[in-house]
Every structure is written in C-alpha cells, then in structure tokens.
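Take a look at the letters that make up each chain.
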Amino acid sequence: MPIELFTPSVQHALEVAGIFVFAISGALLAVRKNFDVFGMAVLAEVTALGGGVFRDLVIGAVPPIAFTDLGYFLTPLVATGIVFFLHPEVERITAAVGVFDAAGLGLFCVEGTMKAHDFGLGLTSSVTLGMATAVGGGVLRDLLAHEAPSLLRWDRDLYAVPAIVGSSIAALLLHFDALTAATSALAAAVAFVVRLAAMRFGWRAPRAWNRRSTATEEP
Amino acid sequence: MPIELFTPSVQHALEVAGIFVFAISGALLAVRKNFDVFGMAVLAEVTALGGGVFRDLVIGAVPPIAFTDLGYFLTPLVATGIVFFLHPEVERITAAVGVFDAAGLGLFCVEGTMKAHDFGLGLTSSVTLGMATAVGGGVLRDLLAHEAPSLLRWDRDLYAVPAIVGSSIAALLLHFDALTAATSALAAAVAFVVRLAAMRFGWRAPRAWNRRSTATEEP
Amino acid sequence: MPIELFTPSVQHALEVAGIFVFAISGALLAVRKNFDVFGMAVLAEVTALGGGVFRDLVIGAVPPIAFTDLGYFLTPLVATGIVFFLHPEVERITAAVGVFDAAGLGLFCVEGTMKAHDFGLGLTSSVTLGMATAVGGGVLRDLLAHEAPSLLRWDRDLYAVPAIVGSSIAALLLHFDALTAATSALAAAVAFVVRLAAMRFGWRAPRAWNRRSTATEEP
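Residues numbered from 1 in each chain as written. Chains lettered and ligands numbered in written order. Predicted model: local features only at pLDDT ≥ 70, side-chain atom pairs only at ≥ 80, totals over all residues. Heavy atoms only, no water.

Observations regarding the overall build of chain A
- A count of helices and strands for chain A gives 8 helices and 0 strands.
- The secondary structure elements of chain A, listed N-terminal to C-terminal, are α-α-α-α-α-α-α-α.
- Since a compact globule built from 219 residues should have a radius of gyration of about 17 Å, the 17 Å found for chain A is in line with a globular shape.
- In chain A, which comprises 219 residues, the share counted as buried stands at 54%.
- Restricting the contact set of chain A to residue pairs at least 6 apart, pairs at least 24 apart contribute 75%.
- Only carbon and sulfur atoms are counted for the fraction: they give 68% of the accessible area of chain A, which is about 9000 Å². (Helix = DSSP H or I, 4+ residues; strand = E, 2+ residues; numbered from the N terminus. Rg over C-alpha atoms; globule rule 2.2 N^0.38 Å. Buried < 20%, exposed > 50% of the residue type's maximum accessible area, 1.4 Å probe, protein only. Contact = heavy atoms within 4.5 Å. Areas by Shrake-Rupley, 256 points an atom, 1.4 Å probe, with all protein chains shown as cover.)

Here's what the structure looks like:
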C-alpha cells in the first residue's frame with residue numbers, strides 16, 4: 001500500500017495540477033519552435049509524463065502508470081488545447097505557471113522517491129529516481145525540441161537542486177521510518193519553497209572552478 | 001495467440017518490406033549527414049526497429065522482438081549495404097520509397113496496437129503505443145542525426161495522423177470484438193491511403209491558433 | 001554464476017577505472033559546453049552508466065545494476081569533483097585518458113556480451129548489446145550535450161568497430177564453449193589494442209561509396 005501525501009483527493013488534485021503545468025511548458029515550447037498541433041501534444045505528453053515513464057521502466061513497474069491511468073494521459077491533451085487557442089495569454093502568466101511548476105517539482109520528486117523505494121531500490125537510487133521523475137520530462141522535452149537541456153545549462157535558476165533536496169528529505173524519512181502523510185507533504189513543501197527561492201533570487205549552480213574564476217567573472 | 005493480419009507469409013513479407021524501407025530512410029539521412037558506414041548501419045537499425053523496441057519496453061515484452069528475431073536485425077544491414085553503394089539511385093526513387101514507407105506506417109501502427117492490447121493495456125494506451133511503434137523509429141533517427149524531429153515540424157506532410165487513424169480503427173475493432181485478418185488489414189490499408197493522400201495533397205496539421213492567424217498567413 | 005574476467009578483485013578495479021574514465025569524458029564535455037556542476041554530474045553519470053542501463057532494460061535485468069551497486073553510482077561523482085577543480089590539468093592528459101577509455105571500451109563490450117547471453121539472448125543480439133554497453137553512454141552524453149553523436153561521425157577514429165571486434169570474439173568463445181577467465185580477458189585485450197591502434201594510426205570507417213569517391217577525395 002503506497003503512502004499517501006495529503007489526503008487521496010488532495011493529492012490527486014495536486015498531481016493533475018502538476019501534470020497539467022508540466023504539459024503547459026511542453027506545449028508552449030512547441031509553439032515557440034513552430035511545431036504543429038500534433039507536435040504540441042507530443043511535447044506536452046512527454047514533458048508531463050516522461051520522467052515517470054523513465055522511473056517506472058528502471059524499477060520494472062511496467063506498463064508505466066502513464067499508460068494505465070487515463071487521467072494522466074488526457075490531462076496533457078487538455079493543456080495542449082488551451083495553449084493552442086490561448087498561448088499569448090498563457091505566456092503572459094508565466095509567473096503563475098512557474099509557481100505551479102515548482103509545486104509539481106516538489107510533489108513528483110517525493111512521490112518518485114517513495115515509489116522507487118517501494119519497489120526495493122536503495123535510498124541513494126531512490127533519491128536519484130525521485131529527482132529523475134521530477135526533471136526527466138523536461139530533459140526529454142528539450143531533446144525532442146532540439147534544444148540543449150535547460151536543466152544542464154549554467155544560465156538557469158536551480159531546478160535539479162530543489163528536487164534533490166525534496167528527494168533526500170523523503171529518503172531520510174524513509175530511513176528513519178518517519179514517513180507519514182504530514183512529513184512527506186513537508187518534504188514536497190521544502191522542495192517547492194527552495195525552487196521558489198531559486199527563481200526569486202536567481203540562485204545558480206557554479207561552473208567548473210578555473211573557468212569561472214578566470215573566464216567569466218573578470219570584467 | 002496473436003491475430004495475424006493477412007496470411008502469415010504475406011504479413012511477414014510486408015513486415016520485412018516495412019523494416020527495409022524504414023531502414024533505407026535512416027541510411028539515407030546518415031549519408032546526407034556525412035556519417036560513416038557504421039553510422040549508416042546504426043541509423044538504419046534505429047529507424048527500422050526503434051519504435052518497436054520502445055513499445056516492447058513499455059509493455060514489458062523483454063527482450064524486445066528486435067533482439068530475438070534475427071531477420072528483423074539483418075534487414076536494416078542489407079538496406080545499409082544497398083544505400084552504401086547505390087545511394088544516388090535510391091535518392092532518385094524517393095516516390096517509391098515513400099509508398100513503401102506509408103505501407104510500413106500502416107502495418108506497424110496496427111500491429112503495435114494489437115500487441116499492446118495483447119499485453120493487457122487499455123484501448124487509449126494501445127492506440128498511443130501503436131502510433132509510437134510506427135513513428136518512434138523516425139524520431140530516434142532524427143535525434144541521433146542531430147536534427148529536429150521531422151514528425152513534430154509544421155512544414156511536413158501529416159505522418160502521425162495516418163498512424164493514429166490506423167491505430168484507432170484497430171482499437172475500435174478490438175473494442176467491438178471484430179478484429180479479424182480482414183478487418184485488421186483494412187485498418188492498415190486506411191492508414192496507408194491516408195498517408196498517401198497527405199503526401200499527394202500536402203496535408204498539414206495546424207499550428208497554434210494566434211500564431212497562424214497573425215504571424216504567418218499575412219503577406 | 002557469471003563468468004569472471006580476470007580475478008574478481010582485478011576485474012572490479014578495471015570496471016571502476018573504466019567507469020571513472022568514461023565519467024571524466026562526460027564531465028569534460030560538460031565543462032566545454034559551459035554547463036554547471038550539476039550538468040557535469042549528470043553527463044558523467046550518463047556517460048559512465050548509460051550503456052549498461054540500456055542493456056539491462058533490454059534484457060529485463062531491472063533495476064539495472066547502475067541502480068543497485070552504489071560504487072557504480074558514486075564513481076562518476078568523484079570524477080565530477082576532480083574535473084570541477086582540475087579540468088585544465090585533466091584536459092592536458094588526454095592521451096592517458098584515451099588509453100583508459102580504450103580499456104573501458106574493451107572491458108565493457110565483453111562484459112555486456114556475456115551478460116546479454118546469460119539472460120538468454122542469441123549470439124547476434126549479445127554482440128549488439130555488448131557493443132551498446134560500451135558505446136551507448138557516449139551517445140547519450142552527446143545527445144544531452146546537444147551535439148551530433150561522435151560515434152556516428154565520419155571524422156573520428158574508429159570507436160564502435162573495436163567494440164564489435166571484442167563482442168564478436170566473446171560471442172565466438174560462447175558459441176564454442178571456450179569462454180574462460182583467460183579467453184574473455186583476451187577478447188577485451190584485443191578490443192583494447194584495436195582501439196589504441198585506431199587512435200594511433202587514425203583509422204576511420206568509409207563513407208557511402210559515391211560520396212567518398214567524387215565529393216571529398218578530389219582535391
């Protein structure tokens with residue numbers, strides 16, 4: 001029996017919201033790349049569900065939940081329809097989109113960690129797969145859109161680190177047998193807040209040591 | 001016992017033909033990208049078999065059939081040899097290649113849908129995986145060749161839609177328990193004809209609504 | 001019981017060395033692409049472990065060994081740390097890195113072939129997966145770094161061919177039931193030497209026939 005974050009209905013609403021917002025980011029990138037409506041739907045599905053599919057393949061949970069839960073599959077199509085007709089309006093509320101995206105990030109990194117651990121993986125691997133659940137869809141989105149993965153680039157606010165923080169807290173809770181609905185919700189909330197702070201204050205990860213000190217920070 | 005389209009020997013001949021033509025498209029792209037003969041073989045294999053490998057990993061049919069049927073593996077190598085020596089001649093018969101590619105598209109989308117359903121997936125997921133079987137290899141081909149996936153681009157004739165049509169007909173037949181050799185062949189034939197029509201008449205999918213109306217169609 | 005190349009402790013040391021050097025090549029590419037330290041770690045992990053993860057997913061060995069052996073996971077992080085602080089020094093010893101990379105190539109192609117065969121795959125598929133184990137990580141590294149896969153490019157010294165040679169010798173040994181610690185070590189050594197020779201003498205694979213004869217070799 002998987003542990004639930006929040007109550008089932010609240011968790012389900014948050015999951016659908018997270019999938020929806022991830023899908024929005026995929027569909028918007030497709031518009032920017034001048035893809036057609038079908039390309040928008042593919043990028044929306046891949047962004048929203050790709051990380052979870054990767055996790056499920058690795059842990060042997062086949063078919064992946066994205067292929068067994070119809071709501072998971074249909075939500076990105078709704079997002080595609082909205083972006084198709086209203087993409088200038090959606091572009092204008094990127095701040096709101098960013099907040100929901102951070103919520104999805106927090107939720108999925110904790111869920112992914114818990115599911116990997118349920119399937120018998122060790123804590124380190126569970127943290128890795130929790131992070132991959134949260135960020136994998138965005139990497140696949142960028143690959144399909146023929147762009148360098150935004151996750152890896154230096155000039156973007158921290159994205160993986162909040163996921164690692166959330167996954168690591170979840171793993172510690174698992175290790176100390178302290179994972180309850182409340183504590184797992186707390187882990188997701190910490191990841192959420194760290195991501196919001198990274199966006200608000202422009203936190204970035206360092207680049208390789210000598211390159212940074214000599215090539216870039218000199219005026 | 002999987003349902004056969006056509007008689008077994010006819011189906012096998014069509015499958016090999018489909019794999020062969022998909023492989024030709026991969027090898028030709030490798031020539032255009034100036035890859036060496038090994039790169040040609042890799043792109044030929046990936047284009048011909050990548051969609052089926054993805055489907056088999058998702059439904060848990062491991063090892064994927066591409067790794068258990070030697071004919072599936074060797075056919076792309078034959079295609080590579082032909083393109084290696086005769087690529088200018090092969091380029092010249094692209095119309096014929098396009099017709100066989102459309103036949104492969106029709107065949108693989110129906111087969112993929114049936115196989116996913118055989119492994120217990122729902123109808124919507126089976127349609128998705130049928131389409132992925134037919135178009136996945138081409139996406140992987142473009143990723144490895146470092147190009148934006150032709151599947152997603154606006155300025156290409158419909159390719160995924162014929163596959164979705166064929167997969168959806170197959171799923172409807174499964175739903176109404178009406179899938180026979182004849183009806184599944186019909187589903188493949190419809191996908192084939194829709195793809196031929198898309199090529200003949202230049203059918204394309206729309207892009208996002210506001211972009212299309214304001215940015216591009218104005219003179 | 002898997003057959004061991006060399007003694008267990010020697011094999012383990014070689015494996016860690018191979019993973020380490022593959023990871024170095026990933027982290028160095030990340031530095032060149034101006035990725036941050038997190039991007040370096042991702043590329044290091046993917047380069048070192050991606051080929052094995054692909055092989056394990058295909059043969060159904062889930063979770064892949066990269067997610068169950070902590071040493072496999074931690075070694076690339078050590079490589080990332082070294083490159084982070086010392087990348088100009090590491091760049092300067094590329095000849096040594098190339099020798100260890102060739103050793104990893106030889107070791108992993110033979111290991112991959114043996115593991116695939118252990119899981120019941122035929123000899124041809126085992127050779128394919130042996131090669132994929134050795135070269136797959138590098139392909140994923142290049143995809144994530146948004147570069148054309150160096151494996152497929154014409155203007156690079158032979159890389160896949162040494163792996164195919166090593167995998168094929170291992171498959172022949174399996175076929176004739178002659179695989180022992182000594183003979184499998186020999187197969188790895190042959191792949192190693194072929195790769196060193198390819199680097200030393202600039203061996204390359206031919207491109208498609210007409211292109212080569214008319215377009216490039218004319219002055």
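Notes on helix 3 (residues 70-92) of chain C
Residues and elements named next belong to chain C.
- Bending of helix 3 peaks at approximately 100° at the position of L86, with proline P88 no more than four residues after it.
- Considered for burial, the residues of helix 3 that qualify are Y72, F73, T75, P76, A79, T80, V83, F84, H87 and V90.
- Taking the backbone nitrogen of G71 as reference, a side-chain oxygen 2.9 Å away marks D69 as the first, capping residue of helix 3. (Bend = angle between axes of the 7 residues up to and from the residue. Polar contact = N/O pair within 3.5 Å; in protein donor to acceptor, adjacent residues only side chain to side chain.)

Examining a nonpolar patch on the surface
- A cluster of nonpolar side chains, V78, I82, F85 and L86 of chain A together with W209 of chain B, forms an exposed patch at the surface whose accessible area comes to about 460 Å².
- Examining the composition of the nonpolar patch, we find that 4 residues originate from one element, helix 3 (residues 70-92) of chain A, more than from any other. (Patch = residues over 30% accessible without salt bridge, like charges linked within 9 Å, V, L, I, M, F, W, Y side chains within 5 Å. Salt bridge = Lys/Arg side-chain N within 4 Å of Asp/Glu carboxyl O.)

Focus: the UniProt feature "domain: Glycine transporter" (unreviewed entry) in chain A
Residue and element names in this part refer to chain A.
- According to UniProt, the positions carrying the feature "domain: Glycine transporter" (unreviewed entry) are residues 13-87 and 99-173.
- A distance of 23 Å separates the end C-alpha atoms of residues 13-87, which is 81% helix and 0% strand.
- In this annotation, residues 99-173 is assigned 75% helix and 0% strand; the end-to-end C-alpha distance for the span is 25 Å. (UniProt positions renumbered as here; feature names shortened; annotations may be inferred.)

Here we look at the relation of the copies chain A and chain B
- The two copies are related by a screw operation: chain A maps onto chain B through 120° of rotation and 0.0 Å of translation along the axis, at an RMSD of 0.0 Å. The superposition of one copy onto the other is thereby described by a three-fold rotation axis. (Least-squares fit on C-alpha atoms with pLDDT ≥ 70 in both.)

Re the interface of chain A and chain B
- Every contact between the two is made by 28 residues of chain A and, on the other side, 29 residues of chain B.
- Around 2400 Å² of area is buried between chain A and chain B when both sides are counted, 70% of it from carbon and sulfur atoms.
- At the boundary of chain A with chain B, the tally comes to 0 salt bridges.
- At the junction of chain A and chain B, the tally comes to 5 residue pairs in polar contact (both at pLDDT 80 or more).
- Taken together, the elements giving at least two residues each to the side of chain A that touches chain B come down to helix 1 (8-32), helix 2 (37-59), helix 3 and helix 5 (123-144) of chain A. (Buried area = accessible area lost by both parts, 1.4 Å probe.)

Re the interface of chain A and chain C
- Taken residue by residue, the interface counts 29 residues in chain A and 27 residues in chain C.
- For the pairing of chain A and chain C, the buried interface totals around 2400 Å² over both sides, and the portion due to carbon and sulfur atoms is 70%.
- Inspection of the region where chain A meets chain C yields 0 salt bridges.
- The interface formed by chain A and chain C holds 5 residue pairs in polar contact (both at pLDDT 80 or more) in total.
- Of all elements in the fold, only helix 2, helix 5, helix 6 (160-175) and helix 8 (209-216) of chain A reach the threshold of two or more residues within the side of chain A that touches chain C.

Some details on the packing of helix 6 (residues 160-175) of chain C against helix 7 (residues 181-201) of chain C
Residue and element names in this part refer to chain C.
- Put simply, helix 6 and helix 7 touch, their axes get as near as 8 Å, and they point 160° apart. Taken together, helix 6 and helix 7 sit at an angle that is classed as roughly antiparallel. Between helix 6 and helix 7 the crossing geometry is right-handed. In this structure, helix 6 contributes P162, V165, G166, I169, A170 and L173 to the contact, and helix 7 contributes T183, S184, A187, V190, A191, V194 and R195. (Axes fitted to C-alpha atoms, helices over the stretch in contact; angles between N-to-C directions. Parallel < 35°, antiparallel > 145°, perpendicular 65-115°, else oblique. Left-handed = near helix turned anticlockwise from the far one by under 90°.)

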